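Residues per chain, in single letters:
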Amino acid sequence: MSQSNFIVRKVAVLGAGVMGAQIAAHCANANVPVVLFDLAAREGDPNGIVRKALDGLKKLEPSPLATRDRVNFIEAANYDQHLDKLRGCDVIIEAIAEKMEWKRDLYAKVAPFLGEHAIFATNTSGLSINALAEAFPAALRSRFCGVHFFNPPRYMQLVELIPCAGTDAALLDNLETFLTTTLGKGVVRALDTPSFVANRVGVFSILAVMHHTQRLDLGFDAVDALTGPLIGRPKSATYRTADVVGLDTMAHVIDSMADTLVDDPWHKFYGNPAWLKALIAKGALGQKTRAGIFTKKGKDILVLDVKAQDYRPSAGAVEPEVLAILKLKNPAEKFARLREHASAQAQFLWSIYRDVFHYAAVHLGSIANNARDVDFAMRWGFGWSQGPFETWQAAGWQEIAAAVKADIDAGRAMVAAPLPAWVFDGRTGVHSGEGSYSAKTGSIQARSPLAVYCRQWFPERVLGEQQDPGITLFENDAVRMWHTAEASGRDIPILSFKSKMCSLGPAVVEGIIEAVARAESGHRGLVIWQPRPPFSVGADLLAAGQILKTSGIDAIDKFVARFQQMAMAVKYAQVPVVAAVNGLALGGGCELVMHCAKTVAALESYIGLVEAGVGLIPAGGGCKEFALRAFRAAQGTANKDPFDFIQPVFMTIAMARASKSALEAKELGFLRESDVVAFNPHELLYVAKAQARALADAGYRPRLRPVAIPVAGRNGIATLEMMLANMKEGGMISAHDYRVAKAAATALCGGDIESGSLVDEEWLLAVERQQFVALLKTGETQQRVAHMLETGKPLRN
């Protein structure tokens, strides 16, 4: 079973619980047909359990479905009637409850129905893969492995892949390739040890936080203030994360570690504290029961006070001196200051870092193939900005090692287990350009040579790894035009923006125009790609505000006109310009995308014309493009009326709606059906350059400019205004919302002219620019823009 001929035509998921249903949903997102199994219902529809789970998918937020219709591509099945369907599935993912005996019983039932080359993977968070494999017939064990998705599967990057003793090596390669490219995941190959890699380190880090919270008598709210974004962790920090996960689930994981890690030096800490047991006993399980460590009363957030055994207002704050330390740029200085400071908060932070460093070093050789896998597991599975070994290395390896050893020797660490000898062998860290240290083998391990990773030209790096920056063709303060180092990449250069959030100010606009001209004169295409998201948040409002303040409204009109010229230069370039989108592409960023010959978008791309949120309308060609697309779409209808296509677009623009996925962006019209959705964002540049090259190889020419575009005109505007009048009367929109939306209607309908009038693109651009400038003159819009710049939030006035 070689990589070259392994194709996943269909997937089966066994178990329609929270994880199973969402894994099935993500397969459907990726256009992989999927059969979702569960027990036959005792009454009514035999597939009732699965159908209830599918209905539940539609209600979850954030949605596991990239578009609502994806649920229709999940086939409901039950074990009593449909096991024959397994024969046509290439990958079977078992995701039933974490009970060894239940899983073994299911394996005995399904094994006779597996296809000849099917991969069978158990989605477990910690049960022994080898013990589970024993329930499989010996002849099938080579096709058995563990696969651990993190919740929610669509959004969490990490998947741990765990072989059993007899798993076929080529099978693992094939499954890793499928998980990486088709489902867009970051795969870490884990060892068959309890809780694998991420949960082993991550849950211990939570236990360390709990221990030192109690030891230093800190409030849960203060600890969450300390263990969130200030130290590169998610906003939900520690205790809010526990509430979101579910306190009962957390307790189960901790109990499981206590049962399976009896020889671990930290075993005595694998226990649920009394306050956690008490919350669970009274049914306060966290977010799902609306009460846990935190609860809400009206608009107020309350936090559990352990001493009072009651809730109090949540008001945890970081002490000013500790905050000043955390803001230090030098990691070595930061850790030294934390160690030295007498504050309980400072000592808490040093303690939780020290104990995780200690734990990860002691267990590295038994839980992971190398230090890189630990760091990626914590980034991808727990949302840390740096893994524990990266953090340690950045702060000075030997200095931190000495400090940890001193605390161990003095009895200040959680346990007395010594640091392993490899920590002190003169090293400056565990990561380098050659690879990452493996305590298991005592050697440096390079990255995986698997062919799928050749598609990731700029993969995520750990500290100490070097990335070839490519060769610069031209660069200024706003943009960089460059190509990859290999000779084969020079025909399709790359354009990247250097502005904050890749916003489109005057300098970036000029840079795009120059890059297109350079691509036309010496290359076969151009890819617009950012090394990290977002693609672009749109026009630079701050720069626009400065232009308005210093040079007046005429200067704004000229800037918008120049922006439109840029968009048209992209659209009618003599070489294909391809947008490679990851993350936000809003406002002018969306308009840039709409003018490219092709777009390759990562699944998690959020695209939209959101100008109405600041009291403006799209004026970089967005309204013009939708008017033109409505005309083209209408050509295939009997009455050839573009208005039928304009109406839904109008509501999307008026409500400042952005897509919640790249697939939804196609439904909303921001992307074309022919645009490509790539599930792994690290493969985006590879795919985008291939698309540009394919267009060039096919003799690319831009479409001829349309000279006679029929528009909806004043009849269309009047019809849309009727909708607005009803919304205003119902209190759904303000008077200024009405004015903004009418401006959008005017631009989409081609201006206040006779319906059916024939215009060209320049006319449409002029109309949207006039409407944009007129809105910017109003005090209400100026207030909205100022409020957005000050707060980052829209103002309703």
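Attention here is on the structure that accompanies the text. (Residues numbered from 1 in each chain as written. Predicted model: local features only at pLDDT ≥ 70, side-chain atom pairs only at ≥ 80, totals over all residues. Heavy atoms only, no water.)

### Description of helix α6 (residues 198–215)
Quick reminder of the rule: Only DSSP runs of H or I covering at least 4 residues are called helices, and only runs of E covering at least 2 are called strands; the numbering of each starts at the N terminus. Each helix should span, by expectation, one fewer than its residue count multiplied by 1.5 Å. Exposure is judged per residue with a 1.4 Å probe applied to protein chains only, and the accessible area is read against the type maximum: over 50% gives exposed, under 20% gives buried, and values in between give partly exposed.
For α6, spanning 18 residues, the distance from its first C-alpha to its last is 25 Å, which sits close to the expected 26 Å at 1.5 Å a residue. Counting buried positions along α6 yields 15 of 18 residues, so the element is predominantly enclosed. Positive phi appears at Asp217, one or two residues downstream of α6, with a value of about 55°.

### Comments concerning the pattern of salt bridges
Rule in force here: Salt bridge, as applied in this entry: a Lys or Arg side-chain nitrogen positioned within 4 Å of an Asp or Glu carboxyl oxygen.
Applying the stated criterion to the full structure yields 45 salt bridges. A salt bridge links Asp84 to Arg87, with the shortest nitrogen-to-oxygen separation between them at 3.0 Å. A relative accessible area of 46% places Arg87 in the partly exposed class. Residue Arg714 is joined to Asp752 by a salt bridge in which the shortest nitrogen-to-oxygen separation is 2.9 Å. You can see Arg714 sitting in helix α25 (residues 713–729) and its partner Asp752 sitting in the loop between α26 (735–748) and β23 (758–759), a full 38 residues away along the chain. Residue Asp752 is classed as exposed on the basis of its relative accessible area of 55%. Among the charged side chains, a salt-bridge network with shared partners connects Lys571, Lys624, Glu625, Arg629 and Glu761.

### Some details on the pairing of strand β15 (residues 471–475)
Heads up, the rule is: In this analysis, strands are considered paired if DSSP registers two or more bridges between them.
Sheet topology note: the β15/strand β16 (residues 479–483) ladder contains four bridges and is antiparallel. Residue Glu475 lies in a different strand from β16, and its bridge partner there is Arg480.

### With respect to the sheet that holds strand β2 (residues 34–38)
Defined as follows: Each axis is a line fitted through C-alpha atoms, taken for helices only over the stretch in contact, and angles between the N-to-C directions span 0 to 180 degrees. Whether two residues are in contact is decided by their heavy atoms: any pair within 4.5 Å suffices.
Across the sheet, eight strands lie side by side as β3-β2-β1-β4-β5-β6-β7-β8; this open sheet has mixed pairing. Bordering the open sheet on either side are β3 (74–78) and β8 (186–189), each of which pairs with just one other strand. Averaged over all pairs of adjacent strands, the angle between their axes in this sheet comes to 25°, without regard to strand direction. Relative to strand β7 (residues 158–163), strand β6 (residues 144–149) runs antiparallel, the two being bridged by five bridges. Along β7, the bridge assignment pairs Gly146 with Ile162. Its contacts with the sheet put helix α1 (residues 18–29) on β1 (11–14), β2, β3, β4 (91–94) and β6, and the angle it makes with β2 is roughly 170°.

### Structural notes on the sheet that holds strand β11 (residues 310–313)
The three strands are arranged β9-β10-β11 in an open sheet whose pairing can be described as antiparallel. The open sheet terminates on both sides in strands that have one partner only, identified here as β9 (294–297) and β11. Pairwise comparison of adjacent strand axes, ignoring direction, gives a mean angle of 40° for this sheet. Pairing of strand β10 (residues 300–305) with β11 involves four bridges; the strand directions are antiparallel. Within the sheet, the bridge partner assigned to Asp305 lies in β11 and is Asp310.

### What about unusual backbone geometry?
Residue Pro62 follows Glu61 across a cis peptide bond; omega there is 0°. The residue Pro62 is located in the loop between α2 (48–57) and β3 in this model. That bond from Asn151 to Pro152 is cis: its omega, 0°, falls within 30 degrees of zero. With respect to the secondary-structure elements, Pro152 resides in the loop between β6 and β7. In this structure, Asn31 takes a positive phi of about 65° despite not being glycine. Tracing the backbone shows Asn31 in the loop between α1 and β2. Looking at Asn31, the relative accessible area reads 57%, which means it is exposed. The phi dihedral of Ala656 is positive, around 55°, even though this residue is not glycine.

### Concerning the packing of aromatic side chains
Note the cut-off: Aromatic contacts are taken between Phe, Tyr and Trp rings whose centres are within 6.5 Å, Trp giving its six-membered ring; a plane angle under 30 degrees counts as stacked, one over 60 as edge-to-face, and the others as tilted. When the NZ atom of lysine or the CZ atom of arginine is within 6 Å of a ring's centre and also within 35 degrees of its normal, the charge is said to sit over that ring.
Enumeration over the complete set of coordinates arrives at 31 aromatic pairs. Residues Tyr107 and Phe120 carry aromatic rings whose centres are separated by 5.2 Å and whose planes lie at 80° to one another, so their mutual orientation is edge-to-face. Of this pair, Tyr107 sits in helix α3 (residues 100–110) while Phe120 sits in strand β5 (residues 119–122); the two residues are 13 residues apart in sequence, bridging distant segments of the chain. Per residue, the accessibility class of Tyr107 equals that of Phe120, and both read buried. Pairing Phe389 with Trp397 gives two aromatic rings, centres 6.5 Å apart and planes at 25°, and the pair type is stacked. Each residue in the set Phe335, Trp350, Tyr353, Phe357, Phe389, Trp392, Trp397, Trp422 and Tyr437 is aromatic and connected to the rest through ring pairs, giving one cluster. One Lys or Arg, Lys99, reaches over the ring of Trp102 and ends 5.5 Å from the middle of that ring. Over the ring of Trp350 we find Arg339; its NZ or CZ atom is 5.3 Å from the centre of that ring.

### Concerning the environment of His523
Operational definition: Whenever two N or O atoms come within 3.5 Å, that pair is a polar contact, provided that in protein one can donate a hydrogen and the other can accept it, and provided that, for residues adjacent in sequence, both atoms are side-chain atoms.
Checked against the element boundaries, His523 lands in the loop between α17 (506–522) and β18 (526–529). In this view, His523 contacts Leu473, Met481, Arg490, Asp491, Pro493, Arg518 and Val575; residues no more than four positions away in its chain are not counted. Within the local environment of His523, its side chain forms a polar contact with the backbone oxygen of Arg490, the two atoms lying 3.2 Å apart.

### Notes on the side chain of Asp375
For the record, the criterion: The convention is simple: Lys and Arg are positive, Asp and Glu are negative, and His and the chain ends are not counted.
Residue placement: Asp375 occurs in helix α14 (residues 371–382). Summary of buried charges: Asp375 has no salt-bridge partner, and the nearest side chain of opposite charge, Arg379, is 6.6 Å away. Here the side chain of Asp375 touches His431 through a polar contact of 2.6 Å, side chain to side chain.

### Let's talk about the state of the cysteines
As a reminder, the rule being used: Any cysteine sulfur atom paired with another within 2.5 Å is treated as part of a disulfide.
If you walk through the whole model with that rule in mind, you get zero disulfides. Cysteine Cys89 is unpaired, with the sulfur of Cys27 as its nearest cysteine sulfur at 10 Å. The class for Cys89 is buried, based on a relative accessible area of 2%. No disulfide involves Cys749; its sulfur sits 10.0 Å from the nearest other cysteine sulfur, which is in Cys623. Its relative accessible area of 0% is what places Cys749 among the buried residues.

### Concerning the packing of α25 against α26
Stated precisely, the cut-off is as follows: Relative orientations are named as follows: roughly parallel for angles under 35 degrees, roughly antiparallel for angles over 145 degrees, roughly perpendicular for angles from 65 to 115 degrees, and oblique for any other angle. Crossings are assigned a handedness: left-handed for a near helix turned anticlockwise from the far helix by less than a right angle, right-handed for a clockwise turn.
Contact geometry for α25 and α26: axes closest at 10 Å, N-to-C directions at 165°. Put simply, α25 runs roughly antiparallel to α26. In this structure, the crossing between α25 and α26 has a hand that is right-handed. Along its contact with α25, which presents Ile717, Leu720, Glu721, Leu724, Ala725 and Lys728, the element α26 presents Ala735, Tyr738, Ala741, Lys742, Ala745 and Thr746.

### Some details on the nonpolar core
As a rule of thumb, nonpolar side chains are buried together in soluble globular proteins. Cut-off, in case you're wondering: Note on terminology: a nonpolar core comprises buried Ala, Val, Leu, Ile, Met, Phe, Trp, Tyr and Cys residues joined through side-chain atoms within 4.5 Å.
Formed by 124 residues in total, the largest nonpolar core has its most connected members in Val11, Phe497 and Ile512. The element contributing the most residues to this core is α26, with eight residues. Dropping the residues within four chain positions of it, Phe497 is found in contact with Ala478, Val479, Cys502, Leu504, Val508, Ile512, Ile528, Gln530, Phe535 and Leu592. Ala12, Leu247, Ala346 and Ala368 belong to the second-largest nonpolar core, a separate cluster that totals 118 residues.

### Topic: the pairing of β2
Rule in force here: If you view a crossover with the strands going away from you and the path from the first strand over the helix to the second runs clockwise, you call it right-handed.
Counted residue by residue, β2 has five buried out of five residues, so it is predominantly covered. With five bridges connecting them, β2 and β3 associate as parallel partners. Across the sheet, Asp38 pairs through a bridge with Asn78, a residue of β3. Handedness of the crossover joining β2 and β3 through α2: right-handed.

### Section: the packing of α6 against α14
The description of two helices packed together rests on the angle between their axes and the distance between the axes. Interaxial distance between α6 and α14 falls to 9 Å at its minimum, and their mutual angle equals 70°. In terms of axis orientation, α6 runs roughly perpendicular to α14. Our pair here, α6 against α14, has a crossing hand that is right-handed. Contacts from Ala198, Asn199, Val201, Gly202, Val203 and Ile206 of α6 reach α14 at Val374, Ala377, Met378 and Phe382.

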